[in-house]
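Listed here are the chains, written in short residue letters.
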Amino acid sequence: MAVPLIQLSDIMLTFGGAPLLDGVELSLSAGDRLCLVGRNGSGKSTLLKIAAGLVEPDRGSRFLQPGVTLRYLPQEPEFSGAATVRDYVEQGLGPADEPFEAQRLIAELGLSGAERPAELSGGEARRAAIARTLAPRPDILLLDEPTNHLDLSTIEWLERELASRRAALVLISHDRRFLTDLSRATVWLDRGRARRIDRGFADFEPWRDEVLAEEERDRHKLDRKIVAEGDWLRYGVTARRKRNVRRLEALHALRQARRDERGRAGSVAITVAEATRSGELAIEAKGIGKAYGGKDVVRDFSIRIARGDRIGIVGPNGSGKTTLINMLSGVLAPEHGSVKLAASLEFARLDQQRLTLDPETRLTDALTGGGTDSVMVGGQPRHVVGYLQDFLFTPEQARTPLRALSGGERGRLMLARAFATPSNMLVLDEPTNDLDLETLDVLQDRLAEYAGVVLLVSHDRDFLDRVVSAVIAPQAEGRWVEYAGGYTDMLAQRGEGFAPAAAARPARAAVPKDQPDGPAREQARAPRRRLGFNETHALATLPRTIADLEAGISKLRARLEDAGLYRRDPAAFAATAGALTAAQADLAAAESRWLELEILREEIEG
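Thresholds, definitions, all that
Residues numbered from 1 in each chain as written. Predicted model: local features only at pLDDT ≥ 70, side-chain atom pairs only at ≥ 80, totals over all residues. Heavy atoms only, no water. Helix = DSSP H or I, 4+ residues; strand = E, 2+ residues; numbered from the N terminus. Buried < 20%, exposed > 50% of the residue type's maximum accessible area, 1.4 Å probe, protein only. Contact = heavy atoms within 4.5 Å. 1 Å grid on protein atoms, 1.4 Å probe; cavity = no way out; pocket = protein on both sides within 12 Å on 5 of 7 lines; lining within 4 Å. Points joined across faces, edges and corners; volume = space filled by probe spheres on them. Nonpolar A, V, L, I, M, F, W, Y, C, P; charged D, E, K, R; others polar. Pairing = 2+ DSSP bridges. Axes fitted to C-alpha atoms, helices over the stretch in contact; angles between N-to-C directions. Phe/Tyr/Trp six-rings, centres within 6.5 Å; stacked < 30°, edge-to-face > 60°. Lys NZ or Arg CZ within 6 Å of the ring centre and 35° of its normal.

Run through the overall build of the protein, naming residues and quoting values.
Along the backbone of the protein there are 19 helices and 20 strands. Taking all 606 residues of the protein together, 47% fall into the buried category. For the protein, the share of sequence-separated contacts (at least 6 apart) that also reach a separation of at least 24 residues comes to 69%.

Now the structure itself:
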């Protein structure tokens, strides 16, 4: 067995009440790719901080091999003492580390390095923190929710970057696909204990369900034994009291074991309060557009959204997702075109940054508004503490100020607020941030059952595949396109992902036309040639070929726009999507060849 790079032994930590961590063991060897999973509040982030040497446990030991380097990515990075992003990233380098690596990562993550930390968006701050963590190329990487606030292109870049490195890795993430792609072992933190399976996240959930089922069987056996021993105590102990003192002590021990047993945390009970049904057509947008600073963010976009549609909006940060969803939901007026909303639409909204939460407000007041102990859910009054328990809050947390909540708890509170509002249209901006995997499962089920319209912005690829019926994604120059199916279906139809944002780079100096360089100088002196027969024929026939391909692509797209095709005949949908991808590739090749020949013709003719 390989010698561990880092070893945590018999870790115990208590924050009042039951231990948060109780006898936890964790070891990491060279090349390990480990994901750390568990419910919100199970101690995942705390355990990672203990591994990083930032938190001292009540009991237990931490061993780090001499000479081994370790870097930790927190959920909320601290930028104090750094004037620019470049300063912040380079502060994380060691004496022997190369500054070039820091510059490379800053550029590849779409930053210039001159940004002021106080002015960074959530996504930019996360990218700066990732650059600081990766730049020293440490032997151990401890990453706490690295995909939070990242767009899809950056998430995919981070996957490739981590996969190419030799560092041992511990990941905490709610992004199923990210965990599946990168992990080779899983540690499940549950009720203070850590259990390890030497398989990746893809195999974790079936294994976890087997463990819980076995626990339930053992619990039933214990309950039956307690009942049997209780009957003996009532009816059989009197005649032979002295001979059965040991059996009586054993019964008391059984009962104490049952009382001490920590039950599995319940699941979130999400109920969406629905308003009266809207008409079949909920939203109709025609040719809408919006520009900022002379740049089109949304240009000439049209869509019809019917009751029951679940639409996902994806794209890089800064591409205009929030602008588009605000125009479609009536929050922002378009500069061009029109948006018609059904008269009976009632909205419930969840904002990405949790901006509507006052940190000093008590938990119950965040739902009731203060002055009452009940909340209206689906038109019926419910006691606020009981409703909070549906979202895994304890009665003791009722008067807790919101600043004391974890990221996952704040996310569950925002869901509770949004779903208590009667609605027939949900507008959700990054609803998966900070939620644990079990809560995500319940949220997916409830959205699938929701009879109204769902407009959803998310960077969680697995969540999109499970929830949405169509995806809206950006193309060049502010144009957006609707694709039937989930995120994976969108990629199949689109034929490509999203290009990551790139930092501004100095432009290469142009070579003057009257001073060609190298081979270009020799080519300039060569005699001009004439178009050959095949080139002339292609130049004459390609416009017709391009027109035929465009007509075929329009027909294929029209077929894919049939919302019922995917449900009726998945094979036909896949075949049509494949044909569309092939036709788009043929069109691109034909257009490129025609453009090449046209430029050549113009050069020959002077």
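Back to the write-up after that little detour.
Could you give me a rundown of the layout of surface pockets, with the residues and numbers involved?
Its volume calculated, the second largest pocket comes out at about 840 Å³. Forming the walls of the second largest pocket are 35 residues, and the residues nearest its centre are Ala 470, Glu 482, Tyr 483, Ala 484 and Glu 561. Among the elements of the structure, β11 (295–306), β12 (310–313), β20 (480–484), α15 (487–494), α17 (533–560) and α18 (565–568) are those that each provide at least two residues to the lining of the second largest pocket. Among the elements that make up the lining of the second largest pocket, the one with the highest residue count is β11 (seven residues). Across the lining of the second largest pocket, the residue classes tally to 15 nonpolar, six polar and 14 charged.

Residues and numbers for the sheet that holds strand β3 (residues 33–37), please.
In space, the six strands of this open sheet follow the order β5-β6-β7-β3-β8-β9, with mixed pairing throughout. Each edge of the open sheet carries a strand with a single partner, namely β5 (70–73) and β9 (193–197). Adjacent strand axes in the sheet meet at a mean angle of 15° when their direction is disregarded. Where β5 lies against strand β6 (residues 140–144), four bridges are found, and the strand directions are parallel. Note that in β6 the partner of Leu 73 across the bridge is Leu 143. Across the sheet, helix α1 (residues 44–51) lies against β3, β5, β6, β7 (168–172) and β8 (185–190), angled at about 155° from β6, the strand it touches most.

Provide a residue-level description of unusual backbone geometry, including the pertinent values.
Most of the time, phi is negative for any residue but glycine, and the peptide bond is trans. Positive phi values are uncommon outside glycine, yet Arg 191 reaches one of about 55°. By the element assignment, Arg 191 lies in the loop between β8 and β9. Judged by its relative accessible area of 15%, Arg 191 falls in the buried class. The residue Glu 430 is not glycine, and still its phi comes out positive at about 50°. In this structure, Glu 430 sits in the loop between β17 (425–429) and α13 (437–449).

Lay out the packing of aromatic side chains with the relevant residues and their values.
With the rule as written, the count across this model stands at five aromatic pairs. Taking 6.0 Å as the distance between ring centres and 70° as the angle between the ring planes, the aromatic pair formed by Trp 188 and Phe 204 counts as edge-to-face. Of this pair, Trp 188 sits in strand β8 while Phe 204 sits in helix α7 (residues 204–235), and the two are 16 residues apart along the sequence. Looking at Trp 188, the relative accessible area reads 1%, which means it is buried. Among the aromatic side chains, those forming a connected cluster through ring pairs are Trp 188, Phe 201, Phe 204 and Trp 207. Directly above the ring of Phe 347 sits Arg 349, whose terminal nitrogen or CZ lies 4.8 Å from the centroid. Here the guanidinium or amino end of Arg 412 rests over the ring plane of Phe 393, the centre of that ring lying 5.0 Å away.

Can you explain the sheet that holds strand β1 (residues 4–13)? Please cite residues and give values.
Backbone-to-backbone hydrogen bonds join strands into a sheet, with any given pair of strands oriented parallel or antiparallel. Spatially, three strands are ordered β2-β1-β4 in an open sheet, and the strand pairing comes out antiparallel. Either end of the sheet is taken by a strand with one partner, and the two such strands are β2 (21–29) and β4 (59–64). In this sheet, neighbouring strand axes are inclined to one another by 10° on average, regardless of whether the strands run parallel or antiparallel. Strand direction decides the pairing type here: β1 and β2, joined by seven bridges, are antiparallel. Bridging across to β2, Ile 11 finds its partner in Val 24. Contacts between α1 and the sheet are confined to β1, β2 and β4, with β1 contributing the most and set at about 125° to the helix.

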